[in-house]
Amino acid sequence: MQFIKSQLSLEQLAIVRSVGPGNWSKDGKQIAYILPDRNGKNFLWVTSTDGKKSHQLTDRSIHLEMSDGTDRRDVWGGPQWSPNDGRVAFLSASSSGKGTSVWTVDSYNGETREISKHFGIDRTPRWSTNGVQIGMVVHRNGRDDIHIVPSSGGTATQMTFGQSDNTDLSWSPDDSQIAFISQVSEIDVFSNNLCLLSTGDGKVVQITHGDRANDRTPRWSPDGKQIAFISNRGDND
């Protein structure tokens, strides 16, 4: 094997950019990902899985979520594909001029829509399994709570309440429940436990109990009967 040594010019170095988080489309034919421009602004791009076609999806700059939920290593959740069409959910500045909102863009025609319109910070968009709704973490009055909004846009419905931060949501396969992580401990404000939210009546049930535990990153089994999650119980993850 022969290696060719060459020196990069300043112009070439200026266009070197680190690709951000990406996710596969549901049909496995495309990957949506974050790519910064020369000025460091993040934009949403999509590429075919054979690498032959790539293009920028929207002119809106992307807000990169540095911590996806309560797992500090499960970072950069990235753009989220709809389960049943070509829309991609992402975070960008709110049209209100303050905070961030959940937006969607159609990967076929480029139509962009702001899903949630209000003052505050929205993050961690997660499509329901049927694609009809989007769950998200909403930061209001110093607290994080789970909200649900129609994926076509509209008024968001608050689903969790109280003094605990509620984050890191995951829809069940039949959309009847949302698993999420809550700081419900009375002893340690940095503890996190797994809870279940009924999307029908809003009832919340705490599933795990540990005053010194850090449970996080819930993921449903395909049949909806079990939930896997990461925990540091026993001092190790």
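A. A look at the layout of surface pockets. Here the largest pocket is characterised by a volume of approximately 510 Å³. Looking at the largest pocket, it is lined by 20 residues, and the ones nearest its centre are Lys26, Gln80, Arg126, Trp127 and Ser170. Put simply, the parts of the chain that give the lining of the largest pocket at least two residues each are β1 (22–24), β5 (80–81), β9 (121–127), β13 (166–171) and β17 (216–220). For the lining of the largest pocket, the element with the most residues is β13, which contributes four residues. Along the lines of polarity and charge, the residues of the lining of the largest pocket split into eight nonpolar, seven polar and five charged.

B. Region of the structure containing the sheet that holds β1. Taken in spatial order, the four strands make up an open sheet running β1-β2-β3-β4, and their pairing is antiparallel. Edge strands, defined here as strands with exactly one partner in the open sheet, are β1 and β4 (54–56). The average undirected angle you get between the axes of adjacent strands in this sheet is 20°. In this structure, β1 lies alongside strand β2 (residues 30–36), joined through three bridges in antiparallel fashion. Among the inter-strand pairings, Trp24 is bridged to a residue of β2, identified as Ile31.

C. Representation of the side chain of Ser48. Topologically, Ser48 is positioned in strand β3 (residues 42–48). On the basis of relative accessibility, which here comes to 18%, the residue Ser48 falls in the buried class. Discounting residues that sit within four places of it in the chain, Ser48 has contacts with Lys29, Gln30 and Lys53.

D. Focus on the side chain of Arg216. Tracing the backbone shows Arg216 in strand β17. With a relative accessible area of 4%, Arg216 lands in the buried category. Polar side-chain contacts of Arg216 include one of 2.6 Å to the backbone oxygen of Asn214.

E. Fine view of the nonpolar core. Formed by Ala32, Ile34, Leu44, Val46, Leu57, Ile62, Leu64, Trp81, Val88, Phe90, Trp103 and Val105, the largest nonpolar core amounts to twelve residues. Only β2, β3, β6 (87–93) and β7 (100–106) provide two or more residues apiece to this core. In this view, Phe90 contacts Leu44, Thr58, Ile62, Ser101, Val102, Trp103, Thr104, Val105 and Thr112; residues no more than four positions away in its chain are not counted.

F. Representation of empty space enclosed by the protein. On inspection of all chains with the given rule, the structure shows one cavity of 30 Å³ or more. Here the largest cavity is characterised by a volume of approximately 110 Å³. Lining of the largest cavity is provided by 14 residues; of these, His63, Glu65, Gly78, Pro79 and Leu91 occupy positions nearest its centre. Sorting the residues of the lining of the largest cavity by element identifies β6 and β9 as the ones contributing at least two each.

G. Representation of the packing of aromatic side chains in the model. Considering all chains together, one arrives at zero aromatic pairs under this definition. Cation over ring: Arg60 sits above Trp103, and NZ or CZ is 3.8 Å from the ring centre.

H. Layout of the pattern of salt bridges. All chains considered together, the criterion is met by five salt bridges. In this structure, the salt-bridge partner of Asp144 is Arg123, at a minimum N-O distance of 2.9 Å. Here Arg123 lies in strand β9 and Asp144 lies in strand β11 (residues 143–150), a separation of 21 residues in the sequence. Take Arg123: its relative accessible area is 17%, and that puts it in the buried class. For Asp165, the salt bridge goes to Arg143, with nearest N and O atoms at 4.0 Å. On the criterion of sequence distance, the pair formed by Asp165 in the loop between β12 (157–158) and β13 and Arg143 in strand β11 is long-range, its members being 22 residues apart. For Asp165, a relative accessible area of 19% corresponds to the buried category. Of the residues examined, Arg143 reaches a relative accessible area of 30% and is grouped as partly exposed.

Reading the values: the criteria
- Residues numbered from 1 in each chain as written.
- Predicted model: local features only at pLDDT ≥ 70, side-chain atom pairs only at ≥ 80, totals over all residues.
- Heavy atoms only, no water.
- 1 Å grid on protein atoms, 1.4 Å probe; cavity = no way out; pocket = protein on both sides within 12 Å on 5 of 7 lines; lining within 4 Å.
- Points joined across faces, edges and corners; volume = space filled by probe spheres on them.
- Helix = DSSP H or I, 4+ residues; strand = E, 2+ residues; numbered from the N terminus.
- Nonpolar A, V, L, I, M, F, W, Y, C, P; charged D, E, K, R; others polar.
- Pairing = 2+ DSSP bridges.
- Axes fitted to C-alpha atoms, helices over the stretch in contact; angles between N-to-C directions.
- Buried < 20%, exposed > 50% of the residue type's maximum accessible area, 1.4 Å probe, protein only.
- Contact = heavy atoms within 4.5 Å.
- Polar contact = N/O pair within 3.5 Å; in protein donor to acceptor, adjacent residues only side chain to side chain.
- Core = buried A, V, L, I, M, F, W, Y, C linked by side-chain atoms within 4.5 Å.
- Phe/Tyr/Trp six-rings, centres within 6.5 Å; stacked < 30°, edge-to-face > 60°.
- Lys NZ or Arg CZ within 6 Å of the ring centre and 35° of its normal.
- Salt bridge = Lys/Arg side-chain N within 4 Å of Asp/Glu carboxyl O.

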